[in-house]
Amino acid sequence: MKHILALPLLGLVVACSTPTQPTGMLSTYDGLAVKPGAVRASVSDRKDEAGLSLVRRVTIAPTALADSAAGGWMTPMERTALLREVDAQLCFELSERYEITAPDAASDARVRAILSHVRPTGRISSAASAAGAFFIPGPIGVRAPGTLGGLGMEAEMVASDGRQLAAITWTREAMAVGTDDPSLSRIGDALQFVEPFADDAAKAMTATGVKSRQIAKPDPCAQYGSRLRVEGMAAKFATGLYMPQLSGARAEATPAPATAP
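The model shown is predicted, which means the values in this text are computed figures rather than measured ones.

A.B. asks: If you had to explain the overall build of the chain to someone new, which residues and values would you point to?
C.D. replies: On a plain count of helices and strands, the chain comes out with seven helices and ten strands. By sequence separation, contacts in the chain at least 24 residues apart represent 81% of the contacts at least 6 residues apart. In the form shown here, the chain has an accessible surface area of approximately 12,700 Å², with 62% of it arising from carbon and sulfur atoms.

In structure tokens, the structure reads:
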């Protein structure tokens, strides 16, 4: 039944997001090209295959919030949660490809990400969307007007000698019809999109043909909590809502900085 109701709107499922303007915070934007086959996000990237093939050890800098991100509506707690989730997902993805080193340790390259755009998720309409999905179950959801948030990111990997080895710009907006989960959190959509961004960023920062490596022990990303967020999965199954307090990175004792120095 739900599939039949959604059929007239299925064209929205494959609609691409509109790319945002560059923040100017990457070392260079030269050579970025639209990634073919990206249908749910607007993605442009570039990679230096020869340079990436020499990278073994990587440092990940804390994610910065661009002044142009239009994120003034977020509370300090929301900013910290979103930036920390970007740090977590980049760590999870890159640790499957490289050895992750401490910020003060020697490394072959440094990864930095910038939150370039963030749009809030509508909380009241999200509850209505979740209630409707409960009565019409299925994999494709229909989001009510006013619920659709978004996320824009930039990231790069820079070698120890200052050469940019890889870069990516990435934008995704929630869709009225699709698999994006409604949320009572204003940063719900943005948080859900962090994992696919980190996956695309890590791919752009890995030489073609390089296979995944075994994650080091102890896990270099342990500070962010479990890689498998079973609590959030259970809550989504029970309520139809994405709950970032159960699905996001473990909170820090001291909040992370919200903006670049």
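Picking up after the structure, the text goes on.
A.B. asks: Give me the lowdown on the environment of T18, citing residues and values where you can.
C.D. replies: Of note, T18 is situated in the loop between α1 (2-6) and β1 (33-34). Owing to a relative accessible area of 61%, T18 belongs among the exposed residues under this scheme. Considering only alpha carbons, one finds T18 and T171, 153 residues apart in sequence, at a separation of 7.0 Å.

A.B. asks: Describe in detail the nonpolar core, supporting the description with residues and values.
C.D. replies: Ranked by internal contacts, the top residues of the largest apolar core, which has 48 residues, are L94, L115, M157 and F197. Within the residue set of this core, elements represented by two or more residues are β3 (57-60), α3 (76-94), β6 (109-119), β8 (150-159), β9 (164-173) and α5 (188-204). Once residues lying within four places of it in the same chain are set aside, the contact partners of L94 are I60, I100, V111, A202 and M205.

A.B. asks: Tell me about the pattern of salt bridges, and name the residues and values.
C.D. replies: According to the stated counting rule, one finds ten salt bridges in the structure shown. Between R186 and E78 there is a salt bridge, with its nearest N and O atoms 2.7 Å apart. One end of the pair, R186, is in the loop between β10 (177-178) and α5; the other, E78, is in helix α3, with 108 residues separating them in the sequence. By sharing partners, the salt bridges in this structure join D48, D161 and R163 into a single network.

A.B. asks: Break down α3 for me, with residues and values.
C.D. replies: Its 19 residues place the ends of α3 27 Å apart at the C-alpha level, agreeing with the 27 Å of an ideal helix rising 1.5 Å per residue. Counting buried residues in α3 gives 15 out of 19 residues, a clear majority hidden from the surface.

A.B. asks: Go over the pairing of strand β2 (residues 42-47) with me, naming the residues and quoting the values.
C.D. replies: Here two bridges tie β1 to β2, and the two strands are oriented antiparallel to one another. Along β2, the bridge assignment pairs A33 with D45.

A.B. asks: Go over the packing of α3 against α5, please, and point to the residues and values.
C.D. replies: At a minimum axis distance of 9 Å, the contact between α3 and α5 shows a crossing angle of 35 degrees. Where α3 crosses over α5, the two elements pack in a sense that is right-handed. Within the contact between the two elements, α3 uses A81, L82, E85, V86, Q89, L90, E93 and L94 and α5 uses A190, L191, V194, E195, F197, A198, D199, A201 and A202. For the contact of α3 with α5, the residue count by class is twelve nonpolar, one polar and four charged.

A.B. asks: An account of α5 is requested, with residue identities and associated values reported.
C.D. replies: Across its 17 residues, α5 extends 25 Å between first and last C-alpha, which sits within 8% of the 24 Å expected from 1.5 Å per residue. The sharpest bend along α5 measures roughly 30 degrees and falls at V194, with the proline P196 sitting one to four residues further on.

A.B. asks: Lay out the side chain of E78 with the relevant residues and their values.
C.D. replies: On the accessibility criterion, E78 (13% relative accessible area) is buried. Filtering out sequence-adjacent residues up to four positions away, E78 remains in contact with W73, R186 and I187.

A.B. asks: Got a sec to walk through the pairing of β3? Specific residues and values, please.
C.D. replies: Two faces belong to every sheet, and in a regular strand the side chains alternate between them. In terms of strand pairing, β3 meets strand β5 (residues 99-101) through three bridges, oriented parallel. Looking across to β5, one finds that R57 is bridged to E99. Where β3 and β6 come together, three bridges link them in parallel fashion. Within β6, the position partnered with V58 by the bridge is A109.

A.B. asks: Break down the packing of aromatic side chains for me, with residues and values.
C.D. replies: Taken as a whole and judged by the stated rule, the model has two aromatic pairs. Between the aromatic rings of F92 and Y224, the centroid separation amounts to 6.5 Å while the plane-to-plane angle is 90 degrees, which identifies the pairing as edge-to-face. Placement of the pair is F92 in helix α3 and Y224 in the loop between α5 and α6 (230-239), with a sequence separation of 132 residues. With relative accessibility at 5%, the residue F92 sits in the buried group. With 5.8 Å between their ring centres and 65 degrees between their planes, W170 and F197 make a pair best called edge-to-face. You can see W170 sitting in strand β9 and its partner F197 sitting in helix α5, a full 27 residues away along the chain. Comparing W170 with F197 shows no difference in burial state: the two are buried.

Parameters and conventions
- Residues numbered from 1 in each chain as written.
- Predicted model: local features only at pLDDT ≥ 70, side-chain atom pairs only at ≥ 80, totals over all residues.
- Heavy atoms only, no water.
- Helix = DSSP H or I, 4+ residues; strand = E, 2+ residues; numbered from the N terminus.
- Contact = heavy atoms within 4.5 Å.
- Areas by Shrake-Rupley, 256 points an atom, 1.4 Å probe, with all protein chains shown as cover.
- Buried < 20%, exposed > 50% of the residue type's maximum accessible area, 1.4 Å probe, protein only.
- Core = buried A, V, L, I, M, F, W, Y, C linked by side-chain atoms within 4.5 Å.
- Salt bridge = Lys/Arg side-chain N within 4 Å of Asp/Glu carboxyl O.
- Expected span 1.5 Å × (residues − 1).
- Pairing = 2+ DSSP bridges.
- Axes fitted to C-alpha atoms, helices over the stretch in contact; angles between N-to-C directions.
- Left-handed = near helix turned anticlockwise from the far one by under 90°.
- Nonpolar A, V, L, I, M, F, W, Y, C, P; charged D, E, K, R; others polar.
- Bend = angle between axes of the 7 residues up to and from the residue.
- Phe/Tyr/Trp six-rings, centres within 6.5 Å; stacked < 30°, edge-to-face > 60°.

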